[in-house]
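Close look at the chain arrangement
The chain contents come next:
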Amino acid sequence: MRSIKTKVFSLAMAGGMLLALAGCNMSAPSTVGNIGGVEIPSGLYLLMQYNAYNTAASKATLPEGKKTSDVKAVLKAECTGTIGDEEVTASGAEYIQKLTDRSMEYYAAVEKTFAELGGELDADTLDSVASNLDSLWDTNAKIYEANGIGRASVESYLLNAQKAKQILELTYGENGTTPVTEDDYKTYITDNCYYIESVQLPLINYTNYSAATDEQKTAVSEIAEKCRADLSEKAIGDSAAATQVYTAAMTYAPQAMEALGGTMESSQAVYYGASQLFTPSDLSGYANSEDGTNKLTDPLDAAKIGEWVTIDLGSSILVARRLDPLKTGASVSEMVKTYDLLTAMKSTDMQNELYAAGAALEHNLDASAVKTYAASKIKKNV
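Everything quoted here is computed from the prediction, not taken from an experiment.

Definitions and limits used
Residues numbered from 1 in each chain as written. Predicted model: local features only at pLDDT ≥ 70, side-chain atom pairs only at ≥ 80, totals over all residues. Heavy atoms only, no water. Helix = DSSP H or I, 4+ residues; strand = E, 2+ residues; numbered from the N terminus. Rg over C-alpha atoms; globule rule 2.2 N^0.38 Å. Buried < 20%, exposed > 50% of the residue type's maximum accessible area, 1.4 Å probe, protein only. Contact = heavy atoms within 4.5 Å. Pairing = 2+ DSSP bridges. Axes fitted to C-alpha atoms, helices over the stretch in contact; angles between N-to-C directions. Parallel < 35°, antiparallel > 145°, perpendicular 65-115°, else oblique. Nonpolar A, V, L, I, M, F, W, Y, C, P; charged D, E, K, R; others polar. pLDDT = per-residue confidence, 0-100. Expected span 1.5 Å × (residues − 1). Bend = angle between axes of the 7 residues up to and from the residue. Phe/Tyr/Trp six-rings, centres within 6.5 Å; stacked < 30°, edge-to-face > 60°. Lys NZ or Arg CZ within 6 Å of the ring centre and 35° of its normal. Arc of directions from axis to C-beta.

Brief notes about the overall build of the chain
What the chain contains, in helices and strands, is 15 helices and twelve strands. For 382 residues, the compact-globule formula gives about 21 Å, and the C-alpha radius of gyration of the chain, at 28 Å, lies well above that figure. Judged by the C-alpha coordinates and their principal axes, the chain covers about 110 × 50 × 40 Å. When the 382 residues of the chain are sorted by exposure, 38% land in the buried category. A separation of at least 24 residues holds for 67% of the contacts in the chain among residues at least 6 apart in sequence.

Right under this line is the structure:
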């Protein structure tokens, strides 16, 4: 009888364990619901949440001694930043949720819009996604897996980003539903872009990464002035021959490096010459957020079109001039293609449209599933 009781007890224990395991499965749902009928798999949700955490951590005011890898500290900290057009101050936990919700909405809007426009990713795009996926997974597999993020979730995220790019083309491209016209591009180029010819003279000795001393900087400044005078003398008309810029680079960049105690081959120096269109995004990298000045464009604006000037950029002295981009010999269509002006001109508008569309979709999220994947479970150390 004793052996029978033992067997009955063991069966009862086994049944309890099965129920417990079943309970565990129920507490880890495969999806957090859908937005606009687009399902959000749990792994994808966790990836969006993990990305949101990293953003929030960079905005967090942490107590002294706490690091951005301290999840509890970040969740409790005050975070201030811009989400969409809104300046948000919230706890780390709230900030992360706002960003995660916004990511889900954007993802859903992209999936729906791409399907409605009949979009299709070509083989080259799929190959690019596969390559990026391999790279991301090789670098982040351990941390992703520790946070419940599978390879398929990362792939879905990357594919969605490519679909968003396609939507831009399908909407505003040459054959899109609302194509940007050549006149639109001309206006954008004239009003927002700078066409700059330049020779860059280094103020850093790249053989040992030492910054120029005051004496060395004075020497490079004198070389820059010679370069400016040389180009001013040779340049005629709206646009100098491209060879003049690159010849000047090969002549004066090695001299500047020599003044810094280093050496530079003329074959390397040619890369210190440039002739290109700068979009607003390019120009923003030279902006001073404190006083609104721009160390690249302000000196060019102070000079006449076509006039060579020297500009101290800190790590280099630029000998540069601004030209009318529509008089450089390049056609509008060539500039659109070379500088991806569609993205420069319309990507922000497109993103805003998709975010708004996603926010307007019907939200059918599972509150209990979202709670299961709380940000407090994020792991930053593996």
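There's plenty left to go through after this.
Points about the side chain of Thr279
Of note, Thr279 is situated in the loop between strand 9 (273–278) and helix 11 (280–284). In this view, Thr279 contacts Cys193, Leu341 and Ala344; residues no more than four positions away in its chain are not counted.

Points about the sheet that holds strand 11 (residues 316–323)
With antiparallel pairing, the four strands of this open sheet are ordered in space as 9-6-11-10. The open sheet is flanked by strand 9 and strand 10 (309–312), the only strands paired with a single partner. This sheet shows a mean twist of 35° between the axes of neighbouring strands, independent of strand direction. As paired strands, strand 10 and strand 11 are joined by four bridges and run antiparallel to one another. Paired with Thr310 across the strands is Val319, a residue of strand 11. Each of strand 6 (194–202), strand 10 and strand 11 touches helix 8 (residues 214–234); the most contacted strand, strand 11, lies at about 25° to it.

What to know about the side chain of Ser42
Note on placement: Ser42 falls in helix 2 (residues 42–59). With residues up to four places along the chain from it excluded, the contact list for Ser42 reads Pro29, Ser30, Thr31 and Tyr373.

Considerations on the packing of helix 6 (residues 151–172) against helix 14 (residues 341–360)
It is at 10 Å that the axes of helix 6 and helix 14 come closest, and there the two elements cross at 105°. Comparing the axis directions of helix 6 and helix 14 gives the class roughly perpendicular. Residues Ile167, Leu168, Glu169, Thr171 and Tyr172 of helix 6 touch helix 14, and the partners they reach there are Leu342, Thr343, Lys346, Ser347, Met350, Glu353 and Leu354. Within the contact of helix 6 with helix 14, the residues separate by chemical class into six nonpolar, three polar and three charged.

Quick look at the environment of Met350
Turning to its location among the elements, Met350 is positioned in helix 14. Note on Met350: relative accessible area 6%, which makes it buried. Separated by 182 residues in the primary sequence, Met350 and Leu168 have C-alpha atoms spaced 6.4 Å apart. Once you skip the residues sitting within four places of it in the chain, Met350 turns out to touch Ile167, Leu168, Thr171 and Tyr172.

Quick notes on the confidence of the model for the chain
Here the chain shows a mean pLDDT of 91. Residues at 70 or above account for 91%. Throughout residues 1–26 the model reports pLDDT below 50, and contacts reaching past four residues in sequence, or to other chains, amount to zero contacts.

Here's the deal with helix 14
Its 20 residues place the ends of helix 14 29 Å apart at the C-alpha level, agreeing with the 28 Å of an ideal helix rising 1.5 Å per residue. Of all the bends in helix 14, the largest measures some 50° and sits at Ser347. The set of residues buried in helix 14 consists of Leu341, Leu342, Met345, Lys346, Met350, Leu354 and Gly358.

Digging into the pairing of strand 1 (residues 31–35)
Burial of strand 1 is extensive: four of the five residues sit out of reach of the surface. For strand 1 and strand 2 (residues 38–41), the ladder comprises three bridges, and the chain directions are antiparallel. Paired with Thr31 across the two strands is Pro41, which belongs to strand 2. Between the antiparallel neighbours strand 1 and strand 2 lie two residues, among them Gly36 with a positive phi of about 60°. The sheet contact formed by strand 1 and strand 12 (residues 363–365) spans three bridges and is antiparallel. Looking across to strand 12, one finds that Gly33 is bridged to Leu365.

Description of the packing of aromatic side chains
In this structure the tally under the stated criterion is four aromatic pairs. With centroids separated by 4.6 Å and ring planes inclined at 40°, the aromatic side chains of Tyr106 and Tyr355 adopt a geometry described as tilted. Residue Tyr106 is located in helix 4 (residues 92–116), and its partner Tyr355 is located in helix 14; the two are separated by 249 residues in the primary sequence. Taking the relative accessible area as the measure of exposure, Tyr106 reaches 15% and is therefore buried. Centre to centre, the rings of Tyr206 and Tyr209 are 5.9 Å apart; their planes meet at 85°, and the pair counts as edge-to-face. Since its relative accessible area comes to 34%, Tyr206 is described here as partly exposed. Ring-pair connections join several aromatic residues into one group, and the members of that group are Tyr50, Trp137 and Tyr144. In this arrangement the basic side chain of Arg322 is found over the ring face of Tyr194, its NZ or CZ atom lying 3.7 Å from the centre.

Brief notes about the sheet that holds strand 1
Taken together, three strands build an open sheet; the order of strands is 2-1-12 and the sheet is antiparallel. Looking at strand neighbours, the two that pair on one side only are strand 2 and strand 12, the edges of this open sheet. Put simply, the sheet's adjacent strands are angled 15° from each other on average, direction ignored. Against the sheet, helix 2 touches strand 1 and strand 2, its axis set at about 70° to strand 2.

Some points on helix 8
Taking 1.5 Å per residue as the helical rise, helix 8 with its 21 residues ought to reach 30 Å, and the 30 Å between its terminal C-alpha atoms agrees with that figure. All of the buried residues in helix 8 are Val220, Ile223, Ala224, Cys227 and Leu231. Around the axis of helix 8, the buried residues are gathered within 105° of arc, so they sit on the same side. Of the exposed residues in helix 8, the ones pointing more than 90 degrees away from its buried face are Asp214, Glu215, Glu222, Lys226 and Glu233.

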